[in-house]
Amino acid sequence: MTSEVNDDATRTHDAPAPVPGLMAVTPRQGGYGPLTTKKWSQKDYHHPAAGWGASMSVMNVLTREREMIRGTRAIFKMNQEEVGYDCPGCAWPDDQHGLKLDVCENGIKHTTWEMTPKRVDANFFARHTVTELAAWTDFDLEDQGRLTQPLSYDASTDRYVPISWQDAFALVGEELRKLESADQASFYTSGRLSNEATFLYQLFARELGTNNLPDCSNMCHEASGRALTASIGTGKGTADLEDWEHADALFVLGVNVASNAPRMLTTLSEAFKRGAQIVHVNPLHEVGATRTIVPHDFVDMAIFRTTETSTLNVQVRPGGDLALMRGIAKAVFEAEAATGGVIDHAFLAEFTHGFAEYQALVEGTSWEELARQSQLTEAQIREVADIYLKADNSIISWCLGVTQHEHGVDTPREFVNLLALKGNLGRPGAGPSPVRGHSNVQGNRTCGIDHRPSDAFLDRLGEVCGITPPRHHGLDTIATIEGMHDGSVKVFVGMGGNFVMAAPDTPYTAAGLAKTELTVQVSTKLNRSHLVHGKKALILPCLGRTERDEQKAGLQSVSVEDAMSMVHLSKGSRKPASPHLLSEPAIIAGIAKAALPDTTSPWDAWVEDYDRIRDTMADVFPGFEDFNTVVRQTNGFRIAQPARERTFLTPSGKMEFSHAPLPDVIPADAETLVLQTMRSHDQWNTTIYSNNDRYRGVKNLRELIFMNAADMKARGLKQGDFVDITSTSRDGSQRHLKRYLALEYNLPQGSAAGYMPEMNVLIGIADYSTQSDQPLMKNVQVTVTPAAG
């Protein structure tokens, strides 16, 4: 398929009344990316993932950011123990064998985007009002460069103006002390906050008196944490990178590996070389699930030698993963009945609870229904099952394509059910392994960012830190947005991230932020959330992870936790972008001292030397004993996972089988498509680097919808036709995007896909899972029609 069109048409779409700070509603060919009048095109991508395409992309990024020399040096320090910094991108584990180029294209993009020599200072805001900046694209906002000094919004001039750190802290403290209850404030964090800053942040919120600690996990892997906690007593996976190296079968579900966790390509290619079976399950057929050339394999690069990254690709309908897994389980039970010796009865008898009920549930489900809900044939399901049956050691890994559904908790629990049948829990080369997204999102949750904290954690925190933490559950992301609307949330603090663009129902989220008394954004670069603000607003610029963090005790390191529970140090070496930047711990401590005048917590001592923070954390968190010593070991340390030792911290003391009914994921109306929102390859979370999506063959276009060829034909659509997209929320309200371009793509009939954050407007605030409270970003019910007018 090849298309090329020059779009000069004027496009408008229906939208709610404009909210100050949001970009004008008229769509652009580049969406929220760079403004463009270039021809858009789409051509199927036939090259391997990574390889020379990634290398050329890296060269272009280094050139564009004018960081060819310093950027290249930084590459050799990325993910390097003791002498380097942790990539601020994804949470895939670092290589444990001393690889000197443990990097990927997207990590380098993310780092050089932070390292840019461009600056946003007081002169910039003197030239531009907030109203003017609201008309800029999100790419243009971030492309202005690094923030250099604290800023306060001046309503009389509609500009951000400089403010001293002391006055900024005083303003936050004053607004927080005015609240009738600490629960009128909400403290959000993105996934890049260090463990040390995370600990201080949650401690401050709880000393203030609230558990309102929403985070990006509420929109991503909340379902995984709840599922694993219910099944095995821990919210994390049990498999580590060494297990991946010894698994006979790897099942990878709902993740675009090449874009979302590119270093995983190395692991997959090595698994293929040793003969492991690799099954990718995803509605979209992605390049990362085909073949790769790993850039640090210089011989392969020189001779263009590729390695497969899969042995089987299976395209389920969106939300059909549970039906596929239950089908595999049904095949397991049939094989056991036929020949015996398949199911690990000894493991089941000693370590599990509820097996008989699960067996009855599976055996009572028909092949016809499993095939209908997965949109696979019985033969296709049995082909996947045969791989599981023949493997001695299996790992099941998943990402947001699994969790962002109504049944996002039930599905990972089904993974654990299936693993348990053959004893693939608590032994080498096996286990559940969620693919976390942002670099320290798992560490955030480990170190206390949780709106539903356990009593055991609160008991220990109170005892060690001498505070009386609140016991009631706090607000998550969706509840925080609702609280801003009903007036119960008056202060919003964003510790990193771009909340308004990451959350669903963009106009509704923005309108909520605009109702607050104060918004505080701790950031490195300008973004949309600075323009959508409360009556009072602060921008507090912080150090980036690549930069030197000098405190009274000297150069500091911070720690992060990867997706497989390894904790290691990160130390920046670059000169800070401005002498006026503060570290995240220093900013948190400054706010805490201003808001809590009677605090006895040693905020100043903690900021002077982060070892003191780690000493306190060692007393609070199980598994962090002697933190300062073990984190300085080669490769750091792995937090103990009781379930890995077959100690299940569930009410029964055993692995708990889930008995969830098979969900009906087929829309009632045949005209309805199930839309998944996703990132392009040239994007990281809400940061858009360009309008290209290399692996999907798209150039100079973001306002598009990928559709199955048969669905396009049924609607009278041709490649590149303009379409109108309408979503219907659970509350009956409708949302519209008009004159998007329909592009044919290899995905199941009845499904569609498009980019976030442009399509977040289609996801209503009522559209969240009742199991996890996550927005249904992978299950948006839409109709697509030829564009009117």
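As the structure is a computational prediction, the values presented were derived from the model and not from experiment.

> Give me the lowdown on the environment of glutamine 719, citing residues and values where you can.
Inspection of the secondary structure puts glutamine 719 in the loop between helix H31 (709-714) and strand S31 (722-728). Distance from glutamine 719 to alanine 742, taken between C-alpha atoms, is 6.2 Å for residues 23 residues apart in sequence. For glutamine 719, the side chain forms a polar contact with the side chain of glutamine 42, separated by 2.7 Å. Reaching out from glutamine 719, the side chain makes a polar contact with the backbone nitrogen of glutamate 744 at a distance of 2.7 Å.

> Could you give an account of the packing of aromatic side chains, naming the residues involved and the relevant values?
With the rule as written, the count across this model stands at 31 aromatic pairs. Ring centres of phenylalanine 124 and phenylalanine 125 lie 5.2 Å apart, and the angle between their planes is 90°; on these two criteria the pair is classed as edge-to-face. When its relative accessible area of 0% is taken as the criterion, phenylalanine 125 is described as buried. Considering the side-chain rings of phenylalanine 125 and tyrosine 160, the 5.7 Å spacing of their centres and the 65° angle between planes classify their relative orientation as edge-to-face. Of the two residues, phenylalanine 125 sits in helix H4 (residues 122-127) while tyrosine 160 sits in strand S7 (residues 159-162), which places them 35 residues apart along the sequence. On the basis of relative accessibility, which here comes to 3%, the residue tyrosine 160 falls in the buried class.

> Go over the sheet that holds strand S24 (residues 637-638) with me, naming the residues and quoting the values.
The antiparallel open sheet is built from 3 strands, whose spatial order is S22-S23-S24. Two strands in the sheet have a free side with no partner beyond their single neighbour: strand S22 (558-561) and S24. Packing of helix H8 (residues 195-208) onto the sheet brings it into contact with S22 and strand S23 (566-570), and relative to S22 it is tilted by some 90°.

> Please provide a residue-by-residue account of the packing of helix H14 (residues 321-339) against helix H16 (residues 355-363), values included.
Where H14 contacts H16, the axes come no closer than 9 Å and their chain directions differ by 105°. In terms of their interaxial angle, H14 and H16 are classed as roughly perpendicular. Counting all contacts with H14, which are made through Arg326, Ala329, Lys330 and Phe333, the residues of H16 involved are Phe355, Tyr358, Gln359, Leu361, Val362 and Glu363. Of the residues assigned to the contact of H14 with H16, the class counts are 6 nonpolar, 1 polar and 3 charged.

> Provide a residue-level description of the nonpolar core, including the pertinent values.
By size, the foremost hydrophobic cluster in this structure holds 64 residues, and its most contacted members are Leu176, Phe187, Phe199, Phe204 and Leu540. Setting aside residues up to four positions removed in sequence, leucine 540 forms contacts with Pro150, Trp165, Ala168, Val520, Gln521, Val522, Ser523, Ile587 and Ile591. Formed by 50 residues, the second largest nonpolar core is a distinct cluster that contains Leu324, Ile328, Val416 and Leu425.

> Which residues make up the layout of surface pockets, and what are the values?
Looking at the largest pocket, its volume works out to about 1,200 Å³. If you trace the largest pocket, you find 33 residues lining it, with Thr234, Gly235, Arg445, Thr446 and Asp450 closest to the centre. Elements with a minimum of two residues in the lining of the largest pocket: helix H9 (222-232), helix H21 (441-446) and helix H22 (455-465). Split into classes, the residues belonging to the lining of the largest pocket amount to 12 nonpolar, 13 polar and 8 charged.

> Provide a residue-level description of empty space enclosed by the protein, including the pertinent values.
What the rule picks out here adds up to 7 cavities of 30 Å³ or more. Approximately 220 Å³ is the volume found for the second largest cavity. If you go around the second largest cavity, you meet 16 residues; those closest to its centre are Leu543, Gly544, Arg545, Val558 and Glu584. Taken together, the residues that form the lining of the second largest cavity break down as 3 nonpolar, 7 polar and 6 charged.

> Mind laying out the pairing of strand S19 (residues 536-541), listing which residues take part and the relevant values?
Buried residues dominate S19, accounting for 5 of its 6 residues. Here strand S6 (residues 151-154) runs beside S19; their pairing, made up of 2 bridges, is antiparallel. Each bridged residue has a counterpart across the sheet, and for serine 152 the counterpart in S19 is leucine 538. Sheet topology places strand S18 (residues 518-523) next to S19; 6 bridges connect them, and they run parallel. Bridge pairing in S19 links glutamine 521 to isoleucine 539.

> Describe H14, listing the residues and the values that go with them.
Here H14 contains 19 residues, and its C-alpha end-to-end distance of 27 Å stays within 8% of the 27 Å for a straight helix at 1.5 Å per residue. Among the 19 residues that make up H14, 15 are buried, leaving the element largely enclosed by the rest of the structure. A positive phi of about 75° marks glycine 340, the residue just after H14.

> Explain unusual backbone geometry to me, using residue names and the numbers behind them.
With an omega of 0°, the peptide bond between methionine 756 and proline 757 qualifies as cis. Topologically, proline 757 is positioned in the loop between strand S33 (751-755) and strand S34 (780-786). For aspartate 626, which is not a glycine, the phi torsion comes out positive at approximately 55°. Along the chain, aspartate 626 falls in the loop between helix H29 (610-620) and helix H30 (627-630). A positive phi angle, near 60°, is found at arginine 739, a position not held by glycine.

> An account of the pattern of salt bridges is requested, with residue identities and associated values reported.
Within the structure shown, the criterion is met by 37 salt bridges. For arginine 644, the salt bridge goes to aspartate 240, with nearest N and O atoms at 3.8 Å. Of this pair, arginine 644 sits in the loop between S24 and strand S25 (655-656) while aspartate 240 is found in the loop between H9 and helix H10 (241-244), placing the two residues 404 residues apart along the sequence. Note on aspartate 240: relative accessible area 13%, which makes it buried. Between aspartate 611 and arginine 632 there is a salt bridge, and its shortest N-O distance comes to 3.0 Å. Taken together, the positions of aspartate 611 in helix H29 and arginine 632 in the loop between H30 and S24 put the pair 21 residues apart, joining distant regions of the chain. The class of arginine 632 is partly exposed, set by a relative accessible area of 39%.

> Lay out the confidence of the model for the protein chain in plain terms, naming residues and giving numbers.
When pLDDT is averaged across the protein chain, the result is 91; 90% of the residues are at 70 or more. Across residues 1-17 the pLDDT falls below 50, and counting only partners more than four positions away or on other chains, this stretch makes 46 contacts in the model.

> Now, about the sheet that holds S19: what can you tell me, with residues and values included?
A sheet is described by the order of its strands in space; here 6 strands give the open sequence S7-S6-S19-S18-S17-S8, paired in mixed fashion. Single-partner strands in this sheet number two, and they are S7 and strand S8 (185-189). Mean inter-strand twist for the sheet, computed between neighbouring axes without regard to direction, equals 20°. Running over the sheet, H8 touches S8 and strand S17 (491-495) and is turned about 170° from S8.

> Could you give an account of a negative patch on the surface, naming the residues involved and the relevant values?
Taken together, the side chains of Asp615, Asp619, Glu625 and Asp626 present a region of like negative charge at the surface. With respect to the helices and strands, the residue aspartate 619 is situated in helix H29. Overall, the relative accessible area of 42% leaves aspartate 619 in the partly exposed class.

> Can you lay out the environment of alanine 766 for me, pointing to particular residues and giving the numbers?
Tracing the chain through its elements places alanine 766 in the loop between S33 and S34. Distance in space between the C-alpha atoms of alanine 766 and glutamate 463 is 39 Å, their sequence separation being 303 residues. Ignoring any residue separated from it by four or fewer positions in sequence, one finds alanine 766 in contact with Ser729, Arg730 and Asp731.

So, how was this worked out
- Residues numbered from 1 in each chain as written.
- Predicted model: local features only at pLDDT ≥ 70, side-chain atom pairs only at ≥ 80, totals over all residues.
- Heavy atoms only, no water.
- Helix = DSSP H or I, 4+ residues; strand = E, 2+ residues; numbered from the N terminus.
- Polar contact = N/O pair within 3.5 Å; in protein donor to acceptor, adjacent residues only side chain to side chain.
- Phe/Tyr/Trp six-rings, centres within 6.5 Å; stacked < 30°, edge-to-face > 60°.
- Buried < 20%, exposed > 50% of the residue type's maximum accessible area, 1.4 Å probe, protein only.
- Pairing = 2+ DSSP bridges.
- Contact = heavy atoms within 4.5 Å.
- Axes fitted to C-alpha atoms, helices over the stretch in contact; angles between N-to-C directions.
- Parallel < 35°, antiparallel > 145°, perpendicular 65-115°, else oblique.
- Nonpolar A, V, L, I, M, F, W, Y, C, P; charged D, E, K, R; others polar.
- Core = buried A, V, L, I, M, F, W, Y, C linked by side-chain atoms within 4.5 Å.
- 1 Å grid on protein atoms, 1.4 Å probe; cavity = no way out; pocket = protein on both sides within 12 Å on 5 of 7 lines; lining within 4 Å.
- Points joined across faces, edges and corners; volume = space filled by probe spheres on them.
- Expected span 1.5 Å × (residues − 1).
- Salt bridge = Lys/Arg side-chain N within 4 Å of Asp/Glu carboxyl O.
- pLDDT = per-residue confidence, 0-100.
- Patch = residues over 30% accessible without salt bridge, like charges linked within 9 Å, V, L, I, M, F, W, Y side chains within 5 Å.
- Areas by Shrake-Rupley, 256 points an atom, 1.4 Å probe, with all protein chains shown as cover.
- Lys, Arg positive; Asp, Glu negative; His and termini not counted.
- Charge placed at Lys NZ, Arg CZ, Asp CG, Glu CD.

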